[in-house]
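Breakdown of the fold
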Amino acid sequence: MQCGLSPIVGFRFSLHPMTNDFISVIKGALQETDTSNVWMHTDDVSTVIRGKQVHVFNVAKALTLHAAKTGEHVALSGTFSAGCPGDTSGDAYLDKGDNVANTDTTKQYVSSQFALYPMNNPNYMDVIYREVERAKELGVFNESMHYASGIHGDIHDVFAFYEETFTHARSEEHKHLVMTVSMSINSPSHGGL
Ligand SMILES: Cc1ncc(C[n+]2csc(CCO)c2C)c(N)n1
């Protein structure tokens, strides 16, 4: 396969529920979410989902929302990736349509930080500044910080921003993009220490 032609998006992430009952929070989220539109594999450290971008973001949001709805303080960290080199055409699920499987619209505040790595793009700082500007326009920007930007708000707005950013931060010329996200949910720290 020629490098760069695959539309596969992947997300490798871990959930870290701050509760003794962490196993049921993790397994509950993985089992209660409709993951039929993505390829998924869980191991002792993390879970990976792969497929069309629309489904990867829908499943990522739904999993996070399931974990959040337990009411426990949950942290999520993960890496979205698209493009070559380093990717393969395997484990893809690209034959799915575009109708998303998870449609729960329950509101949930999340506070998060993200970092964009537009690979092999000499103008990567322009890309990053443009996407931070987009966060401000969409009303989800929280704060500037070293090595990341703070994004917060309702989970649906935050994930909509991340999906939009992931679309815009790569191009036909620069297909390979990495985006790291960490989220904190139901934290007693929200709104101050
Ligand atoms: C999304 C996600 N996937 C896998 C793990 C790793 N992990 C830690 S505890 C546990 C359940 C008991 O085996 C699993 C699978 C994680 N933390 N978050």
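Residues numbered from 1 in each chain as written. Predicted model: local features only at pLDDT ≥ 70, side-chain atom pairs only at ≥ 80, totals over all residues.

1. So, the UniProt feature "domain: Thiamin/hydroxymethyl pyrimidine-binding YkoF putative" (unreviewed entry) in the protein
- Residues annotated by UniProt as "domain: Thiamin/hydroxymethyl pyrimidine-binding YkoF putative" (unreviewed entry) correspond here to residues 8–87 and 111–189.
- Between the end C-alpha atoms of residues 8–87 the distance is 9 Å, and the span holds 34% helix and 34% strand.
- Across residues 111–189 one finds 37% helix and 37% strand; the C-alpha atoms that close the span lie 10 Å apart. (UniProt positions renumbered as here; feature names shortened; annotations may be inferred. Helix = DSSP H or I, 4+ residues; strand = E, 2+ residues; numbered from the N terminus.)

2. Details of the site of the ligand
- Lining the immediate surroundings of the ligand are Phe13, Ser14, Leu15, Ile23, Ile26, Lys27, Thr42, Asp44, Val45, Ser46 and Thr47.
- Of all the secondary-structure elements, those providing two or more residues to the shell around the ligand are strand E1 (9–17) and helix H1 (22–32).
- Across the shell around the ligand, the residue classes break down as five nonpolar, four polar and two charged. (Near = placed C-beta within 6 Å. Nonpolar A, V, L, I, M, F, W, Y, C, P; charged D, E, K, R; others polar.)

3. Considering the packing of H1 against helix H2 (residues 53–68)
- Relative to each other, H1 and H2 sit at 135°, their axes nearing to 8 Å. One way to sum up the angle between H1 and H2 is to call them oblique. As for the relative orientation of H1 and H2, their crossing is right-handed in sense. Here Val25, Gly28, Ala29, Leu30 and Glu32 of H1 come into contact with H2, specifically with Leu63, His66 and Ala67.
- Taken together, the residues of the contact of H1 with H2 break down into five nonpolar, two polar and one charged. (Axes fitted to C-alpha atoms, helices over the stretch in contact; angles between N-to-C directions. Parallel < 35°, antiparallel > 145°, perpendicular 65-115°, else oblique. Left-handed = near helix turned anticlockwise from the far one by under 90°. Contact = placed C-beta atoms within 7 Å.)

4. A look at unusual backbone geometry
- Phi is positive for Asn120, which is not a glycine, with a value near 65°.
- Along the polypeptide, Asn120 turns up in the loop between strand E5 (109–118) and helix H3 (124–138).
- Within the chain, Asn186 stands out as a residue other than glycine whose phi angle is a positive 60°.
- Relative to the helices and strands, Asn186 resides in the segment after strand E8 (177–185).
- C-beta crowding within 10 Å serves as the criterion here: with 19 such atoms nearby, Asn186 is assigned to the partly exposed category. (Buried ≥ 20, exposed ≤ 12 C-beta atoms within 10 Å, placed from the backbone.)

5. Things to note about the sheet that holds strand E3 (residues 47–51)
- Overall, antiparallel pairing links the eight strands, which are arranged E2-E3-E1-E4-E8-E5-E7-E6 in an open sheet. Only two strands of the sheet have a single partner each, and these edge strands are strand E2 (39–42) and strand E6 (141–145). Across the sheet, the mean angle from the axis of one strand to that of its neighbour is 20°, orientation sign disregarded.
- Summarising the sheet, E1 and E3 pair through five bridges and their orientation is antiparallel. If you follow Gly10 over to E3, its bridge partner there is Arg50.
- Strand contacts of helix H4 (residues 155–168): strand E4 (74–82), E5, strand E7 (148–154) and E8, with the helix running at about 135° to E7, the strand carrying the most contacts. (Pairing = 2+ DSSP bridges.)

6. Quick look at the nonpolar core
- Membership of the largest hydrophobic core comes to 40 residues, with the highest contact counts inside it found for Val56, Val158 and Tyr162.
- Broken down by secondary-structure element, the contributors of at least two residues to this core are E1, H1, H2, E4, E5, H3, H4 and E8.
- Tallying contributions element by element places H2 first for this core, with nine residues.
- Leaving out residues up to four positions away in the same chain, Val56 has contacts with Val9, Gly10, Phe11, Val38, Ile49, Arg50 and Gly51. (Core = buried A, V, L, I, M, F, W, Y, C linked by C-beta atoms within 7 Å.)

7. Quick notes on the UniProt feature "binding site: thiamine" (unreviewed entry) in the protein
- Those residues carrying the UniProt feature "binding site: thiamine" (unreviewed entry) are Leu15 and Thr47 in this numbering. Across 33 residues in sequence, these annotated residues keep their C-alpha atoms within 8.8 Å of one another, forming a single compact spot.
- With respect to the helices and strands, the residue Leu15 is situated in strand E1.
- Under the C-beta neighbour-count criterion, Leu15 is labelled buried, with 23 such atoms within 10 Å.
- Here Leu15 is in contact with Val25, Ile26, Ala29, Ala67, Val74 and Leu76, once residues within four sequence places are set aside.
- Along the chain, Thr47 turns up in strand E3.
- We classify Thr47 as buried; it has 20 C-beta atoms within 10 Å.
- Here Thr47 is in contact with Phe13, Leu30, Met40, His41 and Thr42, once residues within four sequence places are set aside.

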